[in-house]
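Residues per chain, in single letters:
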Amino acid sequence: MADEKKVLFSGMQATGNLTLGNYLGALKNWVSMNEDYECYYCVVDEHSITVRQNPAELRQRARALLTLYIAAGLDPEKNCIYYQSHVSGHAELAWILNCYTYMGELQRMTQFKDKSAKHADNINAGLFTYPVLMAADILLFQADVVPVGIDQMQHLELTRDIAQRFNGIYGDVFKIPEAYLGKVGAKIMSLQDPSKKMSKSDENPNASIYLMDDPDTIIRKFKRAVTDSGSEVRYSEDKPGVSNLIDIYRATTGKSVEEVEKEFDGKGYGDFKLAVGESVVDVLKPLQERVAELSKDKTYIDSIIKNNAERANYVATKTLRKVQKKVGFPERIR
Ligand code: TRP
């Protein structure tokens, strides 16, 4: 059908606390995406157990992430927000794709190398085949576009290679997905080292603003944010700390660089940092209130979880059955 929307798929791990960088750089910009795309946002809990997790914590974080997505404005009637573990097709397709992926390809993955160095006591097979499960996530939904950060580009490339290989053998089974580089949000850097991205896995808690930080914590972290020599609030390459704060302020207030520079002309870093902190509080407070509100409504969240899993299952099963037939599994008798 000519008017059928393209498909967008993205997955996120529920490990670590989401940061202001995740919000301003990604989440916030996804809210209107469902006008142009049929959107799937999957909480990838199966990926999470490639490193050891506390079960109660994983469960709680997965639900918190799902709730946060809705609180951030992703309408769960228009966006399919669901848990990976509720759609068995992910694991089933991953198994099949494992048989079409080479050891050498997986050995080259930089994330595997990084994570095996970090978790040397637990280099399990799941950690190794992590990218195959990710490929299954994407291909199961015949995604056209996948919004990913640079760190996931290698996995997306592999997904395309696997899909092309499979299609080469069996005909057009999978859509070949593209990275989504459209409306990208602000790139927010660490408050303690502006040469690094703000990251939920940063060991220094002062480097990141977490979405659930209370106002005092937010203001304090901004007061401690590293700035540069001099005292001028000016956007420039030799002022990475100040420029990052300007970027944050632009994203929270909608002001332009010129407006921000003018606003703080003649004022010091102290006033500026406080204003940035307050603008972040103004953005995060209503978000936190919506999370609290939604969290109280267990029946509502449960119904979203159930309905969206059913929707996702329906779509996933269509691809899965086609793949199973192609590789030669016997037909189901009904
Ligand atoms: N590996 C991704 C990350 O760590 C998460 C992920 C899993 C994902 N499956 C996906 C992202 C599918 C995009 C599409 O960020």
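Residues numbered from 1 in each chain as written. Predicted model: local features only at pLDDT ≥ 70, side-chain atom pairs only at ≥ 80, totals over all residues. Heavy atoms only, no water.

Caption draft 1: A look at the overall build of the chain. In terms of helices and strands, the chain carries 13 helices and 5 strands. Expected size for 334 residues packed as a compact globule is a radius of gyration near 20 Å; at 22 Å, the chain falls within 12% of this value. Each principal axis of the C-alpha atoms in the chain carries an extent, and together these give about 75 × 45 × 45 Å. Split into buried and exposed, the 334 residues of the chain put 48% on the buried side. Of the accessible surface of the chain, which amounts to about 17000 Å², a share of 51% is contributed by carbon and sulfur atoms. (Helix = DSSP H or I, 4+ residues; strand = E, 2+ residues; numbered from the N terminus. Rg over C-alpha atoms; globule rule 2.2 N^0.38 Å. Buried < 20%, exposed > 50% of the residue type's maximum accessible area, 1.4 Å probe, protein only. Areas by Shrake-Rupley, 256 points an atom, 1.4 Å probe, with all protein chains shown as cover.)

Caption draft 2: Main features of the packing of helix H10 (residues 240-253) against helix H12 (residues 269-296). Closest axis-to-axis distance for the H10/H12 pair is 9 Å, and the angle between their directions is 35°. Where H10 crosses over H12, the handedness of that crossing is left-handed. Between H10 and H12, the contacting residues are Val242, Leu245, Ile246, Ile248, Tyr249, Thr252 and Thr253 on the first element and Tyr269, Phe272, Lys273, Ala275, Val276, Ser279, Val280 and Val283 on the second. Considered class by class, the residues forming the contact of H10 with H12 number 11 nonpolar, 3 polar and 1 charged. (Axes fitted to C-alpha atoms, helices over the stretch in contact; angles between N-to-C directions. Left-handed = near helix turned anticlockwise from the far one by under 90°. Contact = heavy atoms within 4.5 Å. Nonpolar A, V, L, I, M, F, W, Y, C, P; charged D, E, K, R; others polar.)

Caption draft 3: Focus on the packing of aromatic side chains. For the structure on display, the rule yields 15 aromatic pairs. Both rings, one in Tyr100 and one in Tyr170, keep their centres 6.0 Å apart while their planes meet at 75°; by these two values the pair is edge-to-face. Of this pair, Tyr100 sits in the loop between helix H4 (89-98) and helix H5 (103-107) while Tyr170 is found in helix H8 (residues 153-170), placing the two residues 70 residues apart along the sequence. Under the relative-accessibility criterion, Tyr100 is labelled buried at 15%. Plain terms: the ring middles of Phe166 and Phe174 are 5.1 Å apart, the flat faces sit at 55° to each other, and that makes the pair tilted. Accessibility expressed as a relative area gives 0% for Phe166, which makes it buried. By relative accessible area, which is 5% here, Phe174 ends up buried. The residue whose ring lies beneath Arg250 is Tyr235, and the NZ or CZ to ring-centre distance is 5.9 Å. (Phe/Tyr/Trp six-rings, centres within 6.5 Å; stacked < 30°, edge-to-face > 60°. Lys NZ or Arg CZ within 6 Å of the ring centre and 35° of its normal.)

Caption draft 4: Looking closely at the nonpolar core. In this structure, Tyr41, Phe222 and Ile248 are the most contacted members of the largest nonpolar core, which totals 58 residues. Among the elements that take part in this core, H12 stands out by supplying 10 residues, more than any other. Setting aside anything within four residues of it in sequence, one finds Ile248 in contact with Leu20, Leu24, Ile188, Leu191, Phe222, Val276 and Val280. Counting residues in hydrophobic clusters, the runner-up holds 41 residues, among them Val7, Val44, Ala94 and Ile162. (Core = buried A, V, L, I, M, F, W, Y, C linked by side-chain atoms within 4.5 Å.)

Caption draft 5: Representation of the environment of Glu92. Looking at where Glu92 falls in the secondary structure, it is placed in helix H4. Sequence separation of Glu92 and Gln324 is 232 residues, and the distance between their C-alpha atoms is 9.5 Å. The contacts of Glu92, once residues within four sequence positions are left out, are Leu320 and Gln324.

Caption draft 6: Quick look at the pairing of strand S2 (residues 37-43). Burial runs high along S2: 6 of the 7 residues are buried. Traced from strand S1 (residues 6-12) through helix H1 (residues 20-30) to S2, the parallel crossover comes out right-handed. The pairing of S2 with strand S3 (residues 79-83) spans 5 bridges and is classified as parallel. Looking across to S3, one finds that Cys42 is bridged to Tyr82. (Right-handed = clockwise from strand over helix to strand, strands pointing away. Pairing = 2+ DSSP bridges.)

The analysis is restricted to geometry; functional conclusions fall outside its scope.
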